[in-house]
Amino acid sequence: MVVVVGGVGLLGLIGWLGSPALPERFDGKTIVVQPQGTDGLRVTEFVDLDTGTARRHGYYRELPVTFGVPIDVSASSPNAPDDLSVVERGDVVEIRVGDPDVTVRGRHRYMLGYTLPPASLADGTSALDAIGTLETFPTEALTVIVTGLQLDEPFCARGSTGATGGCDLVPTDIGYLVSTRLGPGEGLAVGGLVRAVTEAADISAPALPPTREYPSTPPRARPSSPRTPAPGGRSTGRRPPVGR
């Protein structure tokens, strides 16, 4: 079994008028992988996304259809819009959690779950390409938990595509666990040979990670001359762009 955890995202860095720009990042990600049914995998994600000084519509997730289209997709958030959109585009499925008409700023938690039905657990060889390695901002605290599976020769690899080593998949009383930090463009792969399917542990939502401080907005200086109105009475002053 192979589980790849990293990121695919186009969230950029934009400034906010009157204060220094804070870069976007994942404060924390906890990804739980466990068997589902006779041959599937259930993946549950707890994602703490901090957009910094940018405004975004929510959480974006791109999944390959290596095992077919994910089923039983669910999403929720305790402090942000959690409308769910699932669209299949060629060899990927695009999942969006958020309101296309509302943007949010700062840190918000998203919970996402989905099942990959034909994950080939029965024959002991399974591969799950959960996320790619193209994330453009870091994950400060990443935890991957594999529960309900007994693995032979568990392994962990951290870094760019094709990397080996750099982390350890440690057996615990709930299964197997790895915790690390990921920089931009880094992914994480964990795996092993599936010896048996066992009872999965009940994994609760993790505690919220520490929140970074946001700079206060200093008073803006009064312009020396008034702005010239554009046709129709609109000001020519520009506003910061709105993200995805």
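Above this text you will find the structure in question.
Below is a short write-up of the structure.

A look at the sheet that holds strand S8 (residues 92-98)
The pairing of strands in a sheet comes from backbone hydrogen bonds and takes either a parallel or an antiparallel form. A sheet is described by the order of its strands in space; here three strands give the open sequence S5-S8-S7, paired in antiparallel fashion. The two strands at the open ends of the sheet, each matched to only one other strand, are strand S5 (58-64) and strand S7 (84-89). Here the average twist between neighbouring strands, direction ignored, is 15 degrees. Direction of pairing for S7 relative to S8: antiparallel, over a ladder of six bridges. Directly across from Leu-84, in S8, lies its bridge partner Val-97.

Let's talk about the environment of Val-190
Structurally, Val-190 is set in strand S16 (residues 187-197). Overall, Val-190 belongs to the buried group, its relative accessible area being 1%.

Observations concerning the pattern of salt bridges
For the coordinates displayed, the defined rule picks out ten salt bridges. Among the ionic pairs, Asp-48 bridges to Arg-109, the shortest N-O distance being 2.8 Å. Here Arg-109 lies in strand S9 (residues 104-116) and Asp-48 lies in strand S4 (residues 40-56), a separation of 61 residues in the sequence. In this structure, Asp-48 and Arg-109 share a single accessibility class: buried. Residues joined in a network through salt bridges with shared partners are Arg-25, Asp-27 and Arg-107.

Quick word on the sheet that holds strand S12 (residues 139-146)
Across the sheet, which stays open at both edges, the seven strands sit in the order S6-S9-S4-S3-S12-S15-S14 with mixed pairing between neighbours. Unpaired on one side and paired on the other, strand S6 (71-76) and strand S14 (170-172) mark the two borders of the sheet. Pairwise comparison of adjacent strand axes, ignoring direction, gives a mean angle of 20 degrees for this sheet.

Examining the pairing of strand S15 (residues 175-182)
Sheet topology places S12 next to S15; six bridges connect them, and they run antiparallel. Note that in S15 the partner of Leu-142 across the bridge is Thr-180. Adjacent in sequence and paired antiparallel, S14 and S15 are bridged by two residues.

A closer look at the side chain of Thr-180
You can see Thr-180 is positioned in strand S15. Overall, the relative accessible area of 18% leaves Thr-180 in the buried class. A distance of 3.3 Å separates polar atoms of two side chains, one belonging to Thr-180 and the other to Arg-158. With residues up to four places along the chain from it excluded, the contact list for Thr-180 reads Glu-140, Ala-141, Leu-142, Arg-158 and Leu-188.

Focus: the environment of Glu-45
Structurally, Glu-45 is set in strand S4. What makes Glu-45 buried here is its relative accessible area of 1%. Between the alpha carbons of Glu-45 and Ala-205 there is a distance of 9.2 Å; along the sequence they are 160 residues apart. Beyond its immediate stretch of four places on either side in the chain, Glu-45 contacts Thr-30, Ile-31, Tyr-59, Arg-61, Tyr-110, Met-111, Leu-112 and Tyr-114.

Focus: the packing of aromatic side chains
One pair of aromatic rings is described through two measures. These are the centre distance and the angle between the planes. A complete count under the given rule lists three aromatic pairs for this structure. Centre to centre, the rings of Tyr-59 and Tyr-110 are 6.0 Å apart; their planes meet at 25 degrees, and the pair counts as stacked. Taken together, the positions of Tyr-59 in strand S5 and Tyr-110 in strand S9 put the pair 51 residues apart, joining distant regions of the chain. By the burial criterion, Tyr-59 is buried, and Tyr-110 matches it. Lys-29 extends its terminal NZ or CZ atom over the ring of Phe-26, reaching a point 4.0 Å from the ring centre.

Conventions used here
Residues numbered from 1 in each chain as written. Predicted model: local features only at pLDDT ≥ 70, side-chain atom pairs only at ≥ 80, totals over all residues. Heavy atoms only, no water. Pairing = 2+ DSSP bridges. Helix = DSSP H or I, 4+ residues; strand = E, 2+ residues; numbered from the N terminus. Axes fitted to C-alpha atoms, helices over the stretch in contact; angles between N-to-C directions. Buried < 20%, exposed > 50% of the residue type's maximum accessible area, 1.4 Å probe, protein only. Salt bridge = Lys/Arg side-chain N within 4 Å of Asp/Glu carboxyl O. Polar contact = N/O pair within 3.5 Å; in protein donor to acceptor, adjacent residues only side chain to side chain. Contact = heavy atoms within 4.5 Å. Phe/Tyr/Trp six-rings, centres within 6.5 Å; stacked < 30°, edge-to-face > 60°. Lys NZ or Arg CZ within 6 Å of the ring centre and 35° of its normal.

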